[in-house]
Amino acid sequence: MEGLKLGHTRHSSQGLNLVVPVPTSSLVSRPSFPIQPKCNLVLSTGCRVYVGTTIRKLALISPGGFPCGHSNLKQTKEVRFNTRRTSASIQPMTEELVEDKSKDLPLSGDSIRRQFLDFYASRGHKVIPSSSLVPDDPTVLLTIAGMLQFKPIFLGKVPKQVSRATTAQRCIRTNDVENVGKTSRHHTFFEMLGNFSFGDYFKKEAIKWAWELSTIEYGLPADRLWISVYEDDDEAFAIWRKERWFLHQVGVPVERIKRMGAEDNFWTSGVTGPCGPCSEIYYDFHPDRGYSDIDLGDDTRFIEFYNLVFMQYNKRDDGSLEPLKQMNIDTGLGLERMARILQKVPNNYETDLIYPIIEKAAELANVSYALADDSTKMNLKVIGDHMRAVVYLISDGVVPSNIGRGYVARRLIRRAVRTGRLLGIKGDGRGNLEGAFLPAIAERVIELSSQIDPDVKSRAPRILEELKREELRFVQTLERGEKLLDDMLTDALLNSNENENMPILSGKDVFLLYDTYGFPAEITTEVAEERGVDIDMNGFEIEMENQRRQSQAAHNAVKLVVGNGADLTENIPDTEFLGYETLSAKAVVEGLLVNGNPVTQVSEGSDVEILLNRTPFYAESGGQIGDHGFLFVNEDRNQKKAVVEITDVQKPLGNIFVHKGTIKEGVLKVGKEVEAAVDANLRQRAKIHHTATHLLQAALKKVIGDEASQAGSLVAFDRLRFDFNFHQPLQEKELMEIEELINKWIGDAAVLQTNVMPLADAKRAGAIAMFGEKYGEQVRVVEVPGVSMELCGGTHVSNTCEIRGFKIISEQGIASGIRRIEAVAGDAFIEYVNARDNYMRQLCSTLKVKAEEVTNRVEALLEELRMTRNEVSAVCAKAAVYKASVMASKAFPVGTSKKIRVLVETMDDIDADSLKSAAECLIDTLQDPAAVILGSCPSEEKVSLVAAFTPGVVELGIQAGKFIGPIAKLCGGGGGGRPNFAQAGGRKPENLSVALEKAREELVAILSEKAS
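A short tour of the structure in this document, coming up. (Residues numbered from 1 in each chain as written. Predicted model: local features only at pLDDT ≥ 70, side-chain atom pairs only at ≥ 80, totals over all residues. Heavy atoms only, no water.)

1. Digging into the overall build of the chain
Looking only at helices and strands, the chain has 25 helices and 46 strands in total. Buried positions account for 51% of the 1012 residues belonging to the chain. Contacts in the chain between residues far apart in sequence, at least 24 positions, make up 67% of those at least 6 positions apart. A total accessible area of about 46,400 Å² is found for the chain, and carbon and sulfur atoms account for 49% of it. (Helix = DSSP H or I, 4+ residues; strand = E, 2+ residues; numbered from the N terminus. Buried < 20%, exposed > 50% of the residue type's maximum accessible area, 1.4 Å probe, protein only. Contact = heavy atoms within 4.5 Å. Areas by Shrake-Rupley, 256 points an atom, 1.4 Å probe, with all protein chains shown as cover.)

So this is what it looks like as structure tokens:
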């Protein structure tokens, strides 16, 4: 060590202040020296090393070209410290010298996440995996906060399994989507690192650890940190100001603690429910600006990176606050924000969490991010952000669609596509100029996913295929949007000519193009200006604001409500489920609810919800519906005191089963013992359909591939329903192959195996998780040997032969990329086959043929019907032509220099094809130049229109397709076609005469001007 120049870094641990020598030369050693157990070293890089008996890995970021002159954060190096425990004294080190490539390198995003979790794990917190972006909570569209998965615990509806927890939660928020790329910190997808206390520690510990994590673990300079507290929270203010750590004063100066109002620093879950003050930590990028006129909301100087919520009150209906019986801590540290601070980059996008994605987009666009202008950089940031969001959404089972969370995914994909087009990205980056580029960028997102969600890589084929399909489909939509924009501009010009006003495109039309067809307002503006049309940008902004308001209301609130249900269940333990072993059991009535309110007894005829201490009834979960059956109360051995029919069983309160039913006889009281009996026949039907569902998923994967992952299911008494991700309808031969496979497995009479094991072991064994289900550390695995292995808490047959038979009754698409199969098995299968056999018998009797001759007979009848319809159509067409020939005499001339014959008439109730024939006849009869407009009402709610122009009229600049569209709108419809011939329709026959009069006036006016 004598030849090394040593620097020093201060470290405090377990009440000790230690100064530990750290090499500052270009070499570092692998030290092996006695030191106090669990002593923490803070390197000059700001990286944290735990010294103990184990080997710890420290991820550092390698140097290289970076967009703004810093490290590009691509590669990660590891420095390993091998240490052992001895006394606290410092002894000479045994050195193994290696080249120092980590000097002054910031922490990687993955290391920041790992250190946060390790920090709180070492303080008694259980590390809980991130929950899905698709939450169980029906009040929230997507997972928007780290606390969401703990909401039932905060409400007291589910007993806490641990008192302390820490997570790295994937989140999606779209309420500020318009700010993505424009600011340094707004994202749709982000990771929220959080530590939570459920009635355990409170403000003092939360503040202490947040400060320790920030200043010691991450090495942030204390003089750059500012604190905000709620204006009335003197307790939090005092803790920040005066609390002691490590035997020395580390209080925050008063001038760097800001009291703020309820809007900024008081968290509420809704109009009523849990709430409390919060405190935030801000990082100061420019301390040189001093302490005067401080605004913590100034993004150019400050960034809030850690929020501590002290959940200590319950807000009543009258607005008053009462202390919660259990005070909780809910915190959130933004990973991207902390990475920005530690990696010393100007915005979150240039951290190693996002920048590699931006790099790939820049490569496809053939631009340099470092040399790009602000507009190009903003567009690259949008793609980097949105691609993270859509990859994780699709991975978690969200399929792009026009409703709900599917619409969120589709909207982000379309924003990414149109942004890529603005950047000039063409093709897939592999030579196919017509290909999709999103999959190429998504591959980079997937490469970065291993520490965020390991399952993403295994789902990569489905993610990439979905993105490719959605992008190519949207390109077609963009082309349709271009046509719609052209029509809108034509209408605007036409209306301006009539009203002698400046042509203008309404804000609603601009918003429609933006929201539905993916046209940015700036593109619409450019195209409109080329055509001489102005844009109502104020109207567009109003529509955008309306959408933002709706989005914030729908997606940006986690609602917690403390109601009677929580009060009732405080003293009621979890229900013991006996249904795997028996269908009947004695139980005690723990609680009764009528209309959601607790009661002590319920009389005959009343609907009731019943809580039992134990039950054989299966509660709805995993797609399987709840059991039906009865509860009996005996006054003595032979006489029934009460009878309750159970028609549903749910688990809305965690593991407390709620039996829903009707009192058929007598009175039911709390505390009474009942005999609970499940309907054995219905249970068997459910068991058959549940096992058949497992076989169906296995068969789908075998026939069409692993892409067919589950997207939902229903296991009922009369049928099963299975939703799965697949991009096209199944062929008839594929459906037959699936049925044959399943029926073969049924005939194999395989004995099912059920085991309870740790979740990690089950995953290693290859067990498939059911869509949307949450699992504990111990899981139940149901296996059909050699066929299927799934995590499942449902009820199943003992042997596949109990299923007896399986039949698919329908296969259809229910959303973009999602197919649905409905099928029957067991008794339902036999009932289905018998019903179909009865229908066939009736059909044979009616047609007077054998069953095998039905198809040929029906085809013959259809052919006869087709020929008859053709004959009728031919007669109608001839009649229309005859009427037209008579009508030709009604044509009148228009124009002075060039006589144009014009005819605008109604033809009563003839159909669209006959109307077309009549128009063609009239054009031939009147000869060039001529213009014909005809209309008819073939049914009560249908209008048909046709416009036919000769070449001489078209040469004057009048097109049939563009002319007939506005006329059809008067009849509640639309249409178009070629310049010389166009058809249209509508739904308001009562407006036909007005529409034709309008057509006559406009046609005469235009032709008079053109032919004069």
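2. Some remarks on the sheet that holds strand E42 (residues 900–906)
One open sheet accounts for six strands, arranged E41-E42-E43-E44-E46-E45; its pairing is mixed. Two strands in the sheet have a free side with no partner beyond their single neighbour: strand E41 (892–894) and strand E45 (974–977). Put simply, the sheet's adjacent strands are angled 20° from each other on average, direction ignored. The pairing of strand E43 (residues 930–939) with strand E44 (residues 942–949) spans seven bridges and is classified as antiparallel. The residue bridging Ser939 from the neighbouring strand is Lys942, located in E44. (Pairing = 2+ DSSP bridges. Axes fitted to C-alpha atoms, helices over the stretch in contact; angles between N-to-C directions.)

3. Examining the packing of aromatic side chains
Given two aromatic rings, their pairing is described by the distance between the two centres and the angle made by the two planes. Here the structure, examined in full by the defined rule, presents 22 aromatic pairs. Ring geometry for Trp226 and Phe302: centres 5.6 Å apart, planes at 75°, overall edge-to-face. Here the residue Trp226 occupies a position in strand E14 (residues 225–230), and Phe302 occupies one in strand E20 (residues 302–315), the gap between them amounting to 76 residues. Accessibility classification places Trp226 together with Phe302 in one group, the buried group. On the basis of an interplanar angle of 20° and a centroid distance of 5.9 Å, the ring pair of Phe630 and Phe632 is categorised as stacked. Taking relative accessible area as the criterion, Phe630 reaches 35% and is therefore assigned partly exposed. According to the relative accessible area criterion, Phe632 is partly exposed, its value standing at 22%. Taken together, Phe116, Phe119, Tyr120, Tyr201, Trp209 and Tyr306 form an aromatic cluster joined through their ring pairs. Just above the ring of Phe237 sits the side chain of Arg259; from NZ or CZ to the centre is 4.4 Å. For the cation-ring pair, Lys377 lies above Tyr369, with the distance from its terminal atom to the ring centre recorded as 5.2 Å. (Phe/Tyr/Trp six-rings, centres within 6.5 Å; stacked < 30°, edge-to-face > 60°. Lys NZ or Arg CZ within 6 Å of the ring centre and 35° of its normal.)

4. Describing the pairing of strand E34 (residues 710–715)
For E34, the buried fraction is high: six of the six residues fall into the buried class. Linking E34 to strand E35 (residues 720–725), which pair antiparallel, is a turn of four residues.

5. Thoughts on the pattern of salt bridges
Following the criterion strictly, the structure yields 46 salt bridges and no others. For Asp110, the salt bridge is made with Arg113, and the minimal N-O distance between the two is 2.9 Å. Of this pair, Asp110 and Arg113 both sit in helix H1 (residues 109–121), separated by three residues, roughly a single helical turn. The structure contains a network of salt bridges with shared partners spanning Arg170, Asp396, Asp453, Asp455 and Arg459. (Salt bridge = Lys/Arg side-chain N within 4 Å of Asp/Glu carboxyl O.)

6. Brief notes about the sheet that holds strand E36 (residues 753–758)
Strands sit in the order E36-E37-E38 across an open sheet of three strands; the sheet is antiparallel. Either end of the sheet is taken by a strand with one partner, and the two such strands are E36 and strand E38 (788–791). For this sheet the average axis-to-axis angle between neighbouring strands, irrespective of direction, equals 25°. The sheet contact formed by strand E37 (residues 778–784) and E38 spans four bridges and is antiparallel. Bridging across to E38, Val782 finds its partner in Glu790. The sheet strands contacting helix H17 (residues 680–704) are E37 and E38, and the helix crosses E38 at an angle near 120°.

7. Re the nonpolar core
Grouped together as the largest cluster of nonpolar side chains are 112 residues, with contacts concentrated most on Tyr218, Trp240, Phe305, Tyr306, Met387 and Leu467. If we skip the residues at most four places from it in the chain, Leu467 touches Met387, Val390, Val391, Ile394, Ile413, Leu438, Pro439 and Ala442. Leu696, Ala699, Leu741 and Ile808 belong to the second-largest nonpolar core, a separate cluster that totals 33 residues. (Core = buried A, V, L, I, M, F, W, Y, C linked by side-chain atoms within 4.5 Å.)

8. Things to note about the side chain of Glu822
Looking at the element boundaries, Glu822 is found in strand E40 (residues 818–825). The residues touching Glu822, leaving out its near neighbours within four places in the chain, are Arg719, Leu720, Arg721, Ile808, Ile809 and Ser810.

9. Considering the side chain of Lys701
By the secondary structure assignment, Lys701 is in helix H17. We note that Lys701 is buried and unpaired, the nearest opposite charge coming from Asp706 at a distance of 4.5 Å. Discounting residues that sit within four places of it in the chain, Lys701 has contacts with Asp706, Ala708, Ser709 and Ile768. (Lys, Arg positive; Asp, Glu negative; His and termini not counted.)

10. Comments concerning helix H9 (residues 404–423)
Its 20 residues place the ends of H9 29 Å apart at the C-alpha level, agreeing with the 28 Å of an ideal helix rising 1.5 Å per residue. Across the 20 residues of H9, 15 count as buried, placing the element largely inside the fold. (Expected span 1.5 Å × (residues − 1).)

11. Some details on unusual backbone geometry
Excluding glycine, a negative phi dihedral is what most residues carry, and trans is how most peptide bonds are arranged. Look at the link from Asp928 to Pro929: it is a cis peptide, with omega at 0°. Position of Pro929 among the secondary structure elements: in the loop between helix H22 (912–926) and E43. The backbone of Arg804 sits at a positive phi, close to 70°, despite the residue not being glycine. By the secondary structure assignment, Arg804 is in the loop between E38 and strand E39 (806–815).

12. Describing the packing of helix H21 (residues 854–887) against H22
Packed helix pairs are characterised by how far apart their axes lie and by the angle those axes make with each other. Running from N to C, H21 and H22 cross one another at 40°; their axes reach a closest spacing of 8 Å. Our pair here, H21 against H22, has a crossing hand that is right-handed. Residues Ser873, Cys876, Ala877, Ala880, Val881 and Ala884 of H21 form the contact with H22, whose own contacting residues are Ser914, Ser917, Ala918, Cys921 and Leu922. Across the contact of H21 with H22, the residue classes break down as eight nonpolar, three polar and no charged. (Left-handed = near helix turned anticlockwise from the far one by under 90°. Nonpolar A, V, L, I, M, F, W, Y, C, P; charged D, E, K, R; others polar.)

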